[in-house]
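These are the residues of each chain, in order.
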Amino acid sequence: MTTANGALGFPEGFSWGSATAAYQIEGAANIDGKGPSVWDTFSHEPGNIRGGDTGDVACDSYRRYREDVALMASLGLKAYRFSISWPRVQPGGRGPANSRGLDHYRALLDELGEHGIEPTVTLYHWDLPQELQDDGGWAVREVAERFAEYASICAEALGDRVARWITLNEPQVVSNNGYRHGQHAPGLRDPQAAAAATHHLLLGHGLATQALRDLGAAEVGITLDLHPIRALGGTGDGDVESARLITDAMVNGLYLEPVLFGRYPVHAPAGMLPPPALVAGGDMEIISQRLDFLGINYYSPVFLRAGDPADLRRNEVPARSGSLDVVEYRPGRLERTTMGWLVDADGLYEILLEVSKQAPGLPLYITENGRAAEDYVNPLGEVDDIERVRYLHTHLQAAARAIRDGASLAGYFVWSLLDNFEWAWGYQRRFGIVFVDFGTQRRIPKSSARFYSEIARANAVPPLPAG
Ligand code: FCB
């Protein structure tokens, strides 16, 4: 819907929110009975995180949650996606609940309720209890069962305050970064463990979904990071097209197809698929039971073109598909953020329409979208993050166009509310619409916070400036 001033409107009731994750913002790493998570362990091992940073303090949001909720309310945001730290609720990942951990989330949820902010709760945003990792982590089937148990505890304790649950955040990243390439916790470089983890994460999603539903959860979904895979240089190149299908299966299909259709993708390399012995009868049905919605995290696409991985040109890297005559390429015309991630709003439009085609009518939420930038406080005491304003502008335009063209998008959560602990990058990458001075914990809303706030209040995105 276009309004009189050329703005693109969003459907009535569209959710405007921001997203965070427990380990990235809470701090309070070992109080109130919390057990260690894999990220506590990993971040304390020298060499794993830029600058030797850890999440011990982060944004101190465990203590400052009232201030953070007030901040969201002042921006007119009506939805908040946050995650529960499993080891706060079950310090060792098994056994009885730690009531002090649950009390914290009750208090946070009550505070949100008082400000009219609707919660979307992620049960797993990467902070596995260390004791479960000591027994093999997601490479072991039992963890999927423990995860469902933890989901039940959360549903019982918090279900009266939470209508929308997300089981897992980005299982692709857990499996690849955590178990295959090792730049995330638990830091393994073990392809077999990664393939097993993929299946057990998905099974955990399915079992937790059942557990949540059994306890009356209204809406249950999963969040996947999705990336359009584009072949450059036109069609007709068989090698590039086959690399495109393999890459798509590796990053998207390996998670999307089991969840939507109960099957692993035919184009996935055999080494990434769980060995048949790990897939018990009935698993794929558990994994593919009905979703109430799908959460999509969108950051960037992947481009492929013909090339020689043994003789790389500028902006090329070897294709992750392992294809011999194909390379991944980062087009020079596209901006790159300080993460090295390409900025391409059309990719968001594409992914929304593609998923809508594969799962007609399934409500979609963009559960993360945003960018890192070199933010700083200027002499006026302000943070004028024009790159992020432009990013949000183009991506929200893309989202509005996708809705116009048939995507059933129900909400958008900007990543992130606050600058926070950006995993292997520590505090050296800022994604917030609110600046955090980590020395003083002072929060300063950036220009992007004001821009986003206006869009949320108007439920419409203004036209892009000409040129
Ligand atoms: C996503 C993560 C999120 C954040 C953003 C930048 O992959 O889900 O926690 O780190 O990237």
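Just so it is clear, the structure is predicted and the values come from calculations on it, not from any experiment.

**So, the packing of aromatic side chains**
Applying the stated criterion across every chain yields a total of 30 aromatic pairs. Each ring, one from Tyr 23 and one from Trp 39, has its centre 6.2 Å from the other, and the planes form 35°; the classification is tilted. Of this pair, Tyr 23 sits in helix 1 (residues 22-25) while Trp 39 is found in helix 2 (residues 38-44), placing the two residues 16 residues apart along the sequence. Trp 39 matches Tyr 23 in its accessibility class, with the two residues each being buried.

**Brief notes about helix 13 (residues 386-404)**
Here helix 13 spans 27 Å end to end across 19 residues, near enough to the 27 Å set by a 1.5 Å rise per residue. Among the residues trailing helix 13, Gly 406 stands out with phi positive, at a value near 115°.

**Some points on the site of the ligand**
Near the ligand lie 13 residues; those nearest to it are Gln 24, His 125, Glu 170, Glu 422 and Trp 423. At a separation of 3.0 Å, an oxygen atom of the ligand approaches a polar side-chain atom of Glu 368. Take Trp 423: an N or O atom from its side chain is 2.9 Å from an oxygen atom of the ligand. Its free accessible area being 300 Å², the ligand has 95% of it covered by the protein chains. Looking at side-chain class alone, the shell around the ligand contains 6 nonpolar, 4 polar and 3 charged residues.

**Considerations on the sheet that holds strand 3 (residues 79-83)**
Here 8 strands make up a closed barrel; going around it, the order is 2-3-4-5-6-8-12-13 and the pairing parallel. Here the average twist between neighbouring strands, direction ignored, is 25°. Relative to strand 4 (residues 118-124), strand 3 runs parallel, the two sharing 5 bridges. Across the sheet, the residue bridging to Ser 83 is Thr 122, located in strand 4. Docked against the sheet, helix 5 (residues 99-114) engages strand 3 and strand 4, running at close to 170° with respect to strand 3. Lying over the sheet, helix 10 (residues 238-261) contacts strand 6 (219-225) and strand 8 (293-297), oriented at roughly 165° with respect to strand 6.

**As for the packing of helix 8 (residues 171-180) against helix 9 (residues 191-214)**
In contact at an axis separation of 8 Å, helix 8 and helix 9 are set at 155° when each is read in the N-to-C sense. Considering the angle they form, helix 8 stands roughly antiparallel to helix 9. Both helix 8 and helix 9 take part in a crossing whose hand is right-handed. Each of Pro 171, Val 174, Ser 175, Tyr 179 and Arg 180 in helix 8 lies in contact with helix 9, whose residues at this interface are Pro 191, Ala 193, Ala 194, Ala 195, Ala 197, Thr 198 and Leu 201. Of the residues that constitute the contact of helix 8 with helix 9, the class distribution is 9 nonpolar, 2 polar and 1 charged.

**As for the pairing of strand 3**
Within strand 3, 5 of the 5 residues are buried, which leaves the element mostly enclosed by the surrounding structure. Residue alternation in strand 3 divides its side chains into two sets, Ala 79, Arg 81 and Ser 83 and Tyr 80 and Phe 82, and both sets are buried. Here 3 bridges tie strand 2 (residues 15-19) to strand 3, and the two strands are oriented parallel to one another. Paired with Gly 17 across the two strands is Ala 79, which belongs to strand 3.

**Focus on unusual backbone geometry**
Here Ala 185 and Pro 186 are connected by a cis peptide whose omega angle stands at 5°. By the secondary structure assignment, Pro 186 is in the loop between helix 8 and helix 9. The linkage connecting Trp 415 with the following residue, Ser 416, adopts the cis geometry, with an omega of 10°. Here Ser 416 is to be found in the loop between strand 13 (409-415) and strand 14 (434-437). If you check the backbone angles, Asp 32 has positive phi at about 55° while not being a glycine. Counting through the fold element by element, Asp 32 comes out in the loop between helix 1 and helix 2. Looking at Asp 32, the relative accessible area reads 29%, which means it is partly exposed. For Asn 315, which is not glycine, the phi dihedral falls at a positive 70°. Its relative accessible area of 22% is what places Asn 315 among the partly exposed residues.

**Quick word on the sheet that holds strand 11 (residues 326-329)**
The strand order across the open sheet built from 4 strands is 7-9-11-10, with neighbouring strands paired in mixed fashion. At either margin of the open sheet sits one strand with a lone partner, and together these are strand 7 (229-231) and strand 10 (316-318). The mean inter-strand angle of the sheet, taken between neighbouring strand axes irrespective of direction, is 40°. In terms of strand pairing, strand 7 meets strand 9 (residues 302-306) through 3 bridges, oriented parallel. The residue of strand 9 that forms the bridge with Ala 231 is Leu 304. Here helix 10 sits on the sheet in contact with strand 7, strand 9 and strand 11, set at roughly 175° to strand 7.

**As for the pattern of salt bridges**
Counting across every chain of the model gives 37 salt bridges. A salt bridge links Asp 40 to Lys 34; its shortest N-O distance comes to 2.7 Å. Accessibility classification places Asp 40 together with Lys 34 in one group, the buried group. One network of salt bridges, in which partners are shared, links Asp 375, Asp 385, Arg 388, Asp 419, Arg 430 and Lys 446.

**Quick look at the environment of Asp 60**
Assignment of secondary structure puts Asp 60 in the loop between helix 2 and helix 3 (61-74). Accessibility expressed as a relative area gives 10% for Asp 60, which makes it buried. With residues near it in sequence (within four places) discarded, Asp 60 still touches Ile 25, Glu 26 and Gln 441. Engagement of the side chain of Asp 60 in a polar contact is seen with the side chain of Arg 63, the distance being 3.0 Å. Separated by 2.9 Å, the side chains of Asp 60 and Arg 64 make a polar contact.

**Some thoughts on the nonpolar core**
Core analysis: the biggest nonpolar cluster contains 130 residues, and Trp 39, Ile 84, Tyr 124, Trp 138 and Leu 294 have the highest contact counts within it. Contact partners of Trp 138, with chain neighbours within four places excluded, come to Trp 86, Tyr 124, Leu 128, Val 143, Ala 144, Phe 147, Val 174, Tyr 179, Ala 196, Ala 197, His 200 and Leu 201. Ile 229, Ala 243, Val 251 and Val 326 belong to the second largest nonpolar core, which has 8 residues in total.

Conventions and cut-offs
- Residues numbered from 1 in each chain as written.
- Predicted model: local features only at pLDDT ≥ 70, side-chain atom pairs only at ≥ 80, totals over all residues.
- Heavy atoms only, no water.
- Phe/Tyr/Trp six-rings, centres within 6.5 Å; stacked < 30°, edge-to-face > 60°.
- Helix = DSSP H or I, 4+ residues; strand = E, 2+ residues; numbered from the N terminus.
- Buried < 20%, exposed > 50% of the residue type's maximum accessible area, 1.4 Å probe, protein only.
- Expected span 1.5 Å × (residues − 1).
- Near = heavy atom within 4 Å.
- Polar contact = N/O pair within 3.5 Å; in protein donor to acceptor, adjacent residues only side chain to side chain.
- Areas by Shrake-Rupley, 256 points an atom, 1.4 Å probe, with all protein chains shown as cover.
- Nonpolar A, V, L, I, M, F, W, Y, C, P; charged D, E, K, R; others polar.
- Pairing = 2+ DSSP bridges.
- Axes fitted to C-alpha atoms, helices over the stretch in contact; angles between N-to-C directions.
- Contact = heavy atoms within 4.5 Å.
- Parallel < 35°, antiparallel > 145°, perpendicular 65-115°, else oblique.
- Left-handed = near helix turned anticlockwise from the far one by under 90°.
- Salt bridge = Lys/Arg side-chain N within 4 Å of Asp/Glu carboxyl O.
- Core = buried A, V, L, I, M, F, W, Y, C linked by side-chain atoms within 4.5 Å.

So far we have only geometry, and geometry alone does not tell us how the molecule works.
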